[in-house]
Amino acid sequence: MGIKVENVSKRFGDFQALEPVNLEVKTGSLVTLLGPSGSGKSTLLRVIAGLEQPDTGSIYLSARDATYEKVQERKVGFVFQHYALFRHLTVRNNIAFAMEIQKWPKERIKHRVETLLDLIQLSGLGDRYPSQLSGGQRQRVALARALAVEPEVLLLDEPFGALDAKVRQDLRNWLRHLHDEVHVTTVLVTHDQEEAMEVSDEIVVMSQGRIEQVGSPSEIYENPASPFVMNFIGSVNIVSPDSTWRQVKADLPLEGEVFLRPHDIDILFEETEGSLFAKVSRIGHLGWNIRVELTLESGQTVNAHINLAQLKALQLQVGSTVFIKPKHVRTFALEHSNQRIAV
């Protein structure tokens, strides 16, 4: 089932949570609403679910106008950040709960529960209680419960936010594999850029109640539509377009900022055309990846990312003098519409 959001807005008192937004989610895709706190992503998800009514606009599910349908009528599964499992029920009974409410036949419920336990890789734990499971296992049970009544849409609101980094990583991989098996149209809300990049077919970047950009993970990263998107997705250096940077890109605008990714900086020991003199001020070890902080003659600092093999080959130390050569510099200009575009 596809989702269409048409001119939807939402205000809470004096706070405009959602400007009029438009969005289409293809049937069977996994789309992530990504943005900082207060960007409107959870509000948009709740409007799609029917947990909030929009002030303006419409929600279409499979081309059906569902704007004023009740939550139960929308065939939507919802998973929150906190598992909200019934503590007094076993894993098996938690998964079966919604089916029992809908009065499914007992044999069908039993078969569906066993199928889902196998799907979430908890086949031997059906008789345990939530308190006997790890955080990651409880979240998988919450996902199975949401899938139990065969929803046409699965909505996930920061489902891994309460878990530690390693468990989140494991569950991200598991979620992507799960989606590839069940192919249910899924909308995920997160503020974690890495999570969005790893699991999504498309990413919807949101800021201040507006949609900044929609695209695949590679499109969002490689061709950001605005300074906000470039700054929010991945590491970036932001510097002023002074005379130093005009040695690199002569047509830089006099106003605005210069953006360059740390992996787009080459570190050299000899000066070449378009290179800038720099001194190594700090070296940070991030495992195989190395972050090198460099101070330019102008006093501005930039970070370059290299790998461990490059560090050993270059024999860099704090205080080393080098030259840096940016491979790709991006600038943005303000248009009369106040929308920023790449130039």
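Residues numbered from 1 in each chain as written. Predicted model: local features only at pLDDT ≥ 70, side-chain atom pairs only at ≥ 80, totals over all residues. Heavy atoms only, no water.

## Quick word on the packing of aromatic side chains
- Applying the stated criterion across every chain yields a total of 5 aromatic pairs.
- In this structure, arginine 140 is placed above the aromatic ring of tryptophan 174, and the distance from its NZ or CZ to the ring centre is 6.0 Å.
- It is arginine 261 that lies over the ring of tyrosine 221; its NZ or CZ is 4.2 Å from the centre. (Phe/Tyr/Trp six-rings, centres within 6.5 Å; stacked < 30°, edge-to-face > 60°. Lys NZ or Arg CZ within 6 Å of the ring centre and 35° of its normal.)

## Here we look at the sheet that holds strand 1 (residues 3-12)
- Strands sit in the order 2-1-4-5 across an open sheet of 4 strands; the sheet is antiparallel. Edge positions in the sheet fall to strand 2 (15-25) and strand 5 (64-65), since each of these pairs with one other strand and no more.
- Summarising the sheet, strand 1 and strand 2 pair through 7 bridges and their orientation is antiparallel. When the sheet's bridge partners are listed, valine 5 is paired in strand 2 with leucine 23.
- Contacts between helix 1 (residues 41-49) and the sheet are confined to strand 1, strand 2 and strand 4 (56-61), with strand 1 contributing the most and set at about 120° to the helix. (Pairing = 2+ DSSP bridges. Helix = DSSP H or I, 4+ residues; strand = E, 2+ residues; numbered from the N terminus. Contact = heavy atoms within 4.5 Å. Axes fitted to C-alpha atoms, helices over the stretch in contact; angles between N-to-C directions.)

## Brief notes about helix 1
- A large share of helix 1 lies buried, amounting to 7 of its 9 residues.
- Here helix 1 has its buried residues at Lys41, Thr43, Leu44, Leu45, Val47, Ile48 and Ala49.
- Downstream of helix 1 by one or two residues, glycine 50 has phi in the positive range, about 90°. (Buried < 20%, exposed > 50% of the residue type's maximum accessible area, 1.4 Å probe, protein only.)

## A short note on the confidence of the model for the protein chain
- Looking at the protein chain as a whole, the pLDDT averages 89, with 94% of positions reaching at least 70.
- A low-confidence stretch, residues 335-343 (pLDDT under 50), is modelled with 20 contacts involving residues beyond four sequence positions or located in other chains. (pLDDT = per-residue confidence, 0-100.)

## Considering the pattern of salt bridges
- If you walk through the whole model with that rule in mind, you get 16 salt bridges.
- When the shortest N-O distance is used, the salt bridge between arginine 92 and aspartate 127 registers 2.6 Å. One end of the pair, arginine 92, is in helix 2 (residues 91-101); the other, aspartate 127, is in the loop between helix 3 (106-119) and helix 4 (135-147), with 35 residues separating them in the sequence.
- The partner of arginine 172 in a salt bridge is glutamate 195, with the nearest N and O atoms 4.0 Å apart. One end of the pair, arginine 172, is in helix 5 (residues 165-182); the other, glutamate 195, is in helix 6 (residues 193-199), and 23 residues separate them in sequence. Here arginine 172 and glutamate 195 have matching classes, each one buried.
- Taken together, the shared-partner salt bridges connect Arg172, Asp192, Glu194, Glu195 and Glu198 into one network. (Salt bridge = Lys/Arg side-chain N within 4 Å of Asp/Glu carboxyl O.)

## Some points on the nonpolar core
- By size, the foremost hydrophobic cluster in this structure holds 35 residues, and its most contacted members are Ile95, Ile120, Val141 and Leu154.
- Of all the secondary-structure elements, those providing two or more residues to this core are helix 2, helix 3, helix 4, strand 7 (153-157) and helix 5.
- Looking at this core, the element that brings in the most residues is helix 4, giving 6 residues.
- In this structure, valine 141 is in contact with Leu85, Val91, Asn94, Ile95, Ile120, Leu122 and Leu133, ignoring residues within four places of it in sequence.
- Within the second largest apolar cluster, 26 residues are counted, among which are Met1, Ile48, Leu61 and Leu155. (Core = buried A, V, L, I, M, F, W, Y, C linked by side-chain atoms within 4.5 Å.)

## A short note on unusual backbone geometry
- Located in the positive-phi region is asparagine 7, a residue other than glycine, with phi close to 50°.
- As for its position among the elements, asparagine 7 is in strand 1.

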